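Observations on the model geometry
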Amino acid sequence: MQYESVAQALEALDRTQKTEAAYNHAMGVLYLDAATAAPKGSYAGRGNTMEVLSGVIYDLSTSPERGALLSYLESHRQELAPVRIRQVEVIRKNYDRFQKIPAEEFVAYQVLLNNAGAVWEKAKNENDFPSFAPYLEKIVEYNRKFAGYFHPEMAPYDALLNEYEEGMNMVTLDTFFSRLRGTIVPLIEKISKKPPIDDSFLFRTYPVEQQRKFSDYLMKVIGLDRSYCGIAETEHPFTTNFNNKDVRITTHYYENSLASSMYSVIHEGGHALYELNAEDQYNATVLSGGVSMGIHESQSRFYENLIGRSRGFIHAIFPKMKSFFPEQLRDVDEEMFYRAVNKAQPSLIRTEADELTYALHVMVRYEIEKQLISGELAAKDVPGRWNELYQEYLGIEVPNDRMGCLQDSHWSGGSIGYFPSYALGSAYGVQMLRIMQQELGDIFADVTKGDLSGITGWLKEHIHRYASFKKPGELFEEACGRFDPKFYTDYLTEKFSELYHLD
Ligand code: ZN
């Protein structure tokens, strides 16, 4: 098709983005339904619908019309506004990627993922890794193949890392992780010689119904507008966004653990704020939504740890928390609570790990992913390797696969190369906090009063509002200068030395 003017081509660009966004919206709702309300046996029927919808998206994304539109707009680049240039860039990247994946492989992969999700959930519930292993093996094969299609010039795992965090590679991560290990492992050793913090009251009986009300309260404190942000319950908490006026978070309630859902809600709430604070202009375009997994995790872990686990925040919410759980917290004061939710101790479950040992969990997954993708490790041997690494990094015994390599949903969802972004996000977040403090002064004075508006305002101004308009590296550097993991290692050293009275 020939375009008569740039204006006409831009209209076509808006139309095609809007159509694609609508199909993604529909797929997203199906995915959310699958994880929340859908009965277990429904996955086959949904698989058929997913197959049709992903086929339509594929056709749209790879159509000759789209190719012609991109070429036309690229040849008129000097007439385009920056936001249009970025849209064309992102669509071009996807277009070229899709051109490289044969249609039948793309569709087969979507179907595989839908089935793998259900198989993983069952395998986890029944502690049956062998039933999931063949699915994992196929997911790894597809990912290795796709990596070669996308970036034949890179090592396959580097290509996958790049999908989640543009510009990331194993050289950078090996250095980052070894610095982290160099900080964390000695701290854990020193802490192990100190008397343990008493956190037993966190594991008293906290009725789920009360926890649900507490979640509503927490969402309000962190500034989530319930007209635009819903909450549901899933096996593994996550956030999904359809546009900046419709974001959903999920959590999982355990009757015998208060902190588990509490910090899931704050974590997912951080993701949600990022999505909700994006400017309207990015809705229904390829620039909607957060720009990278690392930046996204920087936001969720910012609220979860830097705010949610601060003395100021605990002070602000403690009276209300006591009114929700008067019996359970009868003999607990603020400082006890602060210490309990910051207790550092090697443990089995990543999502419930403390702030200090968390990165070690990520490192285990990073090592395993590297080996799976390079072919050094077969899917069936993951449990053995997993258990060895937990022994080596965290010094603990893994009793079963349910609490070991079956604990996360990521691999069943096809996300390989995603985990490192959790650790990167923590480090990005600390650097944001330090820059924010330089610019705004004593932000924890407001946190202590339960007022997060200054903090969220800063993040909105420098991070959230841009959605995917700026590239992750550019976005981060413009807000915070060059990335330096020392902010993060210093932060951990200071916080945990004070908490445990280390010398
Ligand atoms: Zn997250």
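Residues numbered from 1 in each chain as written. Predicted model: local features only at pLDDT ≥ 70, side-chain atom pairs only at ≥ 80, totals over all residues. Heavy atoms only, no water.

A few points about the domain arrangement of the chain
For the chain, the domain assignment lists domain 1 (6-155) and domain 2 (170-500). Listed per partner, the contact involves 38 residues of domain 1 and 43 residues of domain 2. Summed over both sides, the interface between domain 1 and domain 2 buries roughly 3,300 Å², with carbon and sulfur atoms accounting for 68% of that surface. If you sort the residues of domain 1 by the area they bury against domain 2, Arg86, Lys124 and Phe129 come out on top, with a joint share of 21%. Our count for the contact surface shared by domain 1 and domain 2 stands at 2 salt bridges. On inspection of domain 1 and its partner domain 2, the count reaches 12 residue pairs in polar contact (both at pLDDT 80 or more). Residues that form the side of domain 1 that touches domain 2 fall into these classes: 21 nonpolar, 9 polar and 8 charged. (Domains from an automatic or database assignment. Contact = heavy atoms within 4.5 Å. Buried area = accessible area lost by both parts, 1.4 Å probe. Salt bridge = Lys/Arg side-chain N within 4 Å of Asp/Glu carboxyl O. Polar contact = N/O pair within 3.5 Å; in protein donor to acceptor, adjacent residues only side chain to side chain. Nonpolar A, V, L, I, M, F, W, Y, C, P; charged D, E, K, R; others polar.)

Let's talk about helix α16 (residues 420-440)
With 21 residues, α16 should reach 30 Å at 1.5 Å per residue; the first-to-last C-alpha distance of 30 Å fits that figure. For α16, the buried fraction is high: 16 of the 21 residues fall into the buried class. Note on α16: the residue one or two positions beyond its end, glycine 441, has a positive phi of about 85°. (Helix = DSSP H or I, 4+ residues; strand = E, 2+ residues; numbered from the N terminus. Expected span 1.5 Å × (residues − 1). Buried < 20%, exposed > 50% of the residue type's maximum accessible area, 1.4 Å probe, protein only.)

Some remarks on the coordination of the zinc ion
His267 (NE2), His271 (NE2) and Glu297 (OE) make up the full set of protein donors to the zinc ion, lying at 2.1 Å. Coordination of the zinc ion draws on donor residues from a single chain, spaced H-x3-H-x25-E in sequence. Of this pair, histidine 267 and histidine 271 both sit in helix α10 (residues 258-276), 4 residues apart, which is roughly one turn of that helix. The burial state of histidine 267 is the same as that of histidine 271; both residues are buried. (Donors = N, O, S within 2.8 Å, 3.2 Å for Na, K, Ca; no water.)

Observations concerning the pattern of salt bridges
For the structure shown, the criterion picks out 35 salt bridges. Put simply, glutamate 89 and arginine 86 hold a salt bridge, and the shortest N to O gap is 3.6 Å. With glutamate 89 and arginine 86 both in helix α4 (residues 82-100) and 3 residues apart, this pair spans about one turn of that helix. The class of arginine 86 is buried, set by a relative accessible area of 10%. A salt bridge links glutamate 388 to arginine 385; its shortest N-O distance comes to 2.6 Å. Taken together, the residues span about one helical turn, with glutamate 388 and arginine 385 both in helix α15 (residues 382-394) at a distance of 3 residues. Residues joined by salt bridges that share partners form a network here, namely Glu74, Arg92 and Asp96.

A closer look at unusual backbone geometry
At alanine 284, a residue that is not glycine, the phi angle is positive and equals roughly 55°. When you line up the elements, alanine 284 lands in the loop between α10 and α11 (293-307). Exposure remark for alanine 284: the relative accessible area of 33% places this residue in the partly exposed category. Phi is positive for alanine 467, close to 45°, though the residue is something other than glycine. Examined against the element boundaries, alanine 467 turns out to sit in the loop between α18 (453-462) and α19 (472-480).

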